[in-house]
Amino acid sequence: MSLSDKIVSLEHIFKTYYAGGNPVPVLKDVNLSVGRGEFLGILGTSGSGKSTMLNILGMLDVPTAGVYQLEEVQVDLLTDAELATIRNRKIGFIFQGFNLFPHLTIEQNVEIPMLYGRVDRKVRRKRAHELIERVGLGHRFGHRPNQLSGGECQRVAIARALSNHPSFLLADEPTGNLDEKTGMEIMKLFHELNDSGVTIIMVTHNPDLDEHFDQIVHLRDGRIVHQEYRKK
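What counts and what doesn't
Residues numbered from 1 in each chain as written. Predicted model: local features only at pLDDT ≥ 70, side-chain atom pairs only at ≥ 80, totals over all residues. Heavy atoms only, no water. Buried < 20%, exposed > 50% of the residue type's maximum accessible area, 1.4 Å probe, protein only. Helix = DSSP H or I, 4+ residues; strand = E, 2+ residues; numbered from the N terminus. Contact = heavy atoms within 4.5 Å. 1 Å grid on protein atoms, 1.4 Å probe; cavity = no way out; pocket = protein on both sides within 12 Å on 5 of 7 lines; lining within 4 Å. Points joined across faces, edges and corners; volume = space filled by probe spheres on them. Nonpolar A, V, L, I, M, F, W, Y, C, P; charged D, E, K, R; others polar. Core = buried A, V, L, I, M, F, W, Y, C linked by side-chain atoms within 4.5 Å. Pairing = 2+ DSSP bridges. Axes fitted to C-alpha atoms, helices over the stretch in contact; angles between N-to-C directions. Parallel < 35°, antiparallel > 145°, perpendicular 65-115°, else oblique. Left-handed = near helix turned anticlockwise from the far one by under 90°. Polar contact = N/O pair within 3.5 Å; in protein donor to acceptor, adjacent residues only side chain to side chain.

Asker: Could you clarify how one ought to interpret helix α3 (residues 106–116) in this entry?
Answerer: In an α-helix, one turn spans 3.6 residues; hence positions three or four apart end up facing the same way. Within α3, 8 of the 11 residues are buried, which leaves the element mostly enclosed by the surrounding structure. Of all the residues in α3, the buried ones are Ile106, Glu107, Asn109, Val110, Glu111, Ile112, Pro113 and Met114. Against the buried residues of α3 lie α2 (80–90), α4 (121–134) and α5 (150–162). Directly after α3, the chain includes Arg118, whose backbone phi takes a positive value near 60 degrees.

Asker: Honestly, empty space enclosed by the protein in this entry has me stumped. Any pointers?
Answerer: A water-sized probe rolled over the atoms picks out the places where empty space is left. In total, this model carries 1 cavity of 30 Å³ or more according to the counting rule given. Empty space within the largest cavity amounts to approximately 50 Å³. Every residue along the wall of the largest cavity is listed here: Ile56, Met59, Asp61, Val62, Pro63, Tyr68, Val75 and Asp76. Class assignment for the residues of the lining of the largest cavity results in 6 nonpolar, no polar and 2 charged.

Asker: Looking at this structure, how should I read the nonpolar core?
Answerer: As a rule of thumb, soluble globular proteins bury nonpolar side chains together. Counting residues in each nonpolar core, the largest one holds 35 residues, and the members touching the most others are Ile158, Leu169, Phe190 and Phe213. If you tally residues by element for this core, the top one is α5, at 7 residues. Apart from the residues within four sequence positions on either side, Leu169 is in contact with Gly92, Ile94, Ala161, Leu162, Phe190, Leu193, Val198, Thr199, Ile200 and Ile201. Of all hydrophobic cores here, the second largest spans 29 residues; its members include Ile13, Met59, Leu83 and Ile91.

Asker: What am I meant to see in the environment of Asp5 here?
Answerer: Mapped onto the elements of the fold, Asp5 is located in the segment before β1 (6–19). With 28 residues separating them in the primary sequence, Asp5 and Ser33 have C-alpha atoms 9.8 Å apart. Residues within four places of Asp5 in sequence aside, it is in contact with Val34, Gly35 and Arg36.

Asker: Explanation requested: the sheet that holds strand β9 (residues 215–220) in the structure shown.
Answerer: Two modes of strand pairing occur in sheets, parallel and antiparallel, and in both the strands are linked by backbone hydrogen bonds. Across the sheet, which stays open at both edges, the 6 strands sit in the order β6-β7-β8-β3-β9-β10 with mixed pairing between neighbours. Either end of the sheet is taken by a strand with one partner, and the two such strands are β6 (91–94) and β10 (223–229). Taken pair by pair, the neighbouring strands of this sheet meet at an average axis angle of 15 degrees, ignoring direction. Relative to strand β7 (residues 168–172), β6 runs parallel, the two being bridged by 4 bridges. The residue bridging Ile94 from the neighbouring strand is Ala171, located in β7. Sheet strands touched by helix α1 (residues 50–57): β3 (39–43), β6, β7, β8 (200–204) and β9. Its angle to β7, the strand with the most contacts, is close to 150 degrees.

Asker: Explain the packing of α5 against helix α6 (residues 180–195) to me, please; I cannot follow it from the model alone.
Answerer: Relative orientation and spacing of two packed helices are given, respectively, by the angle between their axes and the distance between those axes. The geometry of α5 relative to α6 is characterised by a closest axis approach of 10 Å and an angle of 20 degrees between their N-to-C directions. Considering their axes alone, α5 and α6 lie roughly parallel with respect to each other. Our pair here, α5 against α6, has a crossing hand that is right-handed. Together, Gly151, Gln154, Arg155, Ile158 and Leu162 of α5 and Thr182, Glu185, Ile186, Leu189, Phe190 and Leu193 of α6 make up the contact between the two elements. Of the residues contributing to the contact of α5 with α6, the split by class is 6 nonpolar, 3 polar and 2 charged.

Asker: Is there a simple way to think about the side chain of Gln215 in this case?
Answerer: Note on placement: Gln215 falls in strand β9. Looking at Gln215, its side chain comes within polar contact range of the side chain of Tyr229, at 3.4 Å. In this structure, Gln215 is in contact with Leu32, Ser33, Glu38, Phe39, Leu40, Gly41, Gln227, Glu228 and Tyr229, ignoring residues within four places of it in sequence.

Structural data, given as structure tokens:
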């Protein structure tokens, strides 16, 4: 993988928390590269360190040691304001619980990252409508989250994550609140997006999903214990 093909590079990442003054190491010398257009799955049981790794990838937390580069920008050298800007522009977040605003329509929910990014109102509305169509919810324009199924809410969340043309999508257990059939429909949508060139990093505890990924990373006790690459 050439340098220009890398979206994400983690080099010797450590993360240690402190409880009562005692160190609690959570990530231990993690090394990882994610290529442009790749679909990466980070798998691990509770306590493996995958939530901490997700927070670092999403710039919601910082490593104790090591280097995180996003498109050749060294993240640990950025100010808080610069981190906030990059989070908004370069990372599309998708959560297990959808995190939609119940009082807003689905179009307005999709517009939120663009609003923070100070995108022109007309551009926001056009982009939101295009994305809602793209995730298969054109028949739901004007609806609010409480009028949608769980799968439809997650589709809105995916559309919102795409709104600022991010460098990659960061999905945290995106099928965790869905039944198996709906979860597979969401995975199919992720594959369609990935086939169109969208880079996706997904964190999950579900080993049944590992067949979906181009690269699989298994975490255990804060370390990568298995890493597998698959050709498309």
